[in-house]
Amino acid sequence: MMNRWTNKYSYGPGGVRNTPARVFGGRMRSVLLVVLLVAVVVLGIWGGQAIVYRSRCETTFVNRMLTECDSAMTSTHSLSRSGGAESAAILGKIRANIRAVDVINEINNTVHGGNGYYVPTTVFTQLYGVIDSYSNNLKLGNTTIEDLNNLTNRLTELSTMLSELK
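Residues numbered from 1 in each chain as written. Predicted model: local features only at pLDDT ≥ 70, side-chain atom pairs only at ≥ 80, totals over all residues. Heavy atoms only, no water.

A. Geometry of a nonpolar patch on the surface. A surface patch of nonpolar side chains, amounting to about 310 Å² of accessible area, comprises F24, M28 and L32. If you trace the backbone, L32 turns up in helix α1 (residues 20-79). (Patch = residues over 30% accessible without salt bridge, like charges linked within 9 Å, V, L, I, M, F, W, Y side chains within 5 Å. Areas by Shrake-Rupley, 256 points an atom, 1.4 Å probe, with all protein chains shown as cover. Salt bridge = Lys/Arg side-chain N within 4 Å of Asp/Glu carboxyl O. Helix = DSSP H or I, 4+ residues; strand = E, 2+ residues; numbered from the N terminus.)

Right, here's the structure in full:
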């Protein structure tokens, strides 16, 4: 008597049959699973490359900033031994070196979405102020050793900040 009522909720003899719709749904599930798995692998590879690229950029940025800062420091040392017109040219070169460091700092901030300053912007504001003061004193013929020491100290602070990033 039990055999008369087949179990319609189970697979197999007497149970639910594998209809074409059910077979198609199973295949679609398998295809979607494979597509999602491939997408995860591709995104993983792509994300890994982005991380490596970002790391290389940071290293390049820091090294370039250190090079520019060292060049400014070298120019500052020759500033004490130069005359009026030559001092103005050297001061312009120092300003260009500082500007290069400032621009790289801004680029890094942009790349990191607004939270990537290596050096606070106030450091550059102070450096530009020191350079402007030195330049004005140079025009007036009133340069002092204090102006040079102030510039050297600010550049040394910048160099120290950048060296700590390595």
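B. Quick peek at the nonpolar core. Of all hydrophobic cores here, the largest spans 28 residues; its most connected members are I94, I98, L151 and L158. At the level of elements, α1, α2 (84-111), α3 (121-140) and α4 (145-165) are the ones that each hand at least two residues to this core. Here the element with the most residues in this core is α1; it accounts for eight residues. Once residues lying within four places of it in the same chain are set aside, the contact partners of L151 are T76, L79, L91, I94, L127, V130 and I131. (Core = buried A, V, L, I, M, F, W, Y, C linked by side-chain atoms within 4.5 Å. Buried < 20%, exposed > 50% of the residue type's maximum accessible area, 1.4 Å probe, protein only. Contact = heavy atoms within 4.5 Å.)

C. Structural view of the pattern of salt bridges. Counted under the stated rule, the structure contains four salt bridges. Here E68 makes a salt bridge to R64, at a shortest N to O gap of 2.7 Å. In this pair, E68 and R64 both sit in helix α1, four residues apart, roughly one turn of the helix. By relative accessible area, E68 is classed as buried at 10%. Residue R64 is classed as partly exposed on the basis of its relative accessible area of 43%. For D102, the salt bridge goes to R99, with nearest N and O atoms at 3.3 Å. Of this pair, D102 and R99 are both found in helix α2, three residues apart, which corresponds to roughly one turn of the helix. For R99, a relative accessible area of 45% puts it in the partly exposed group.

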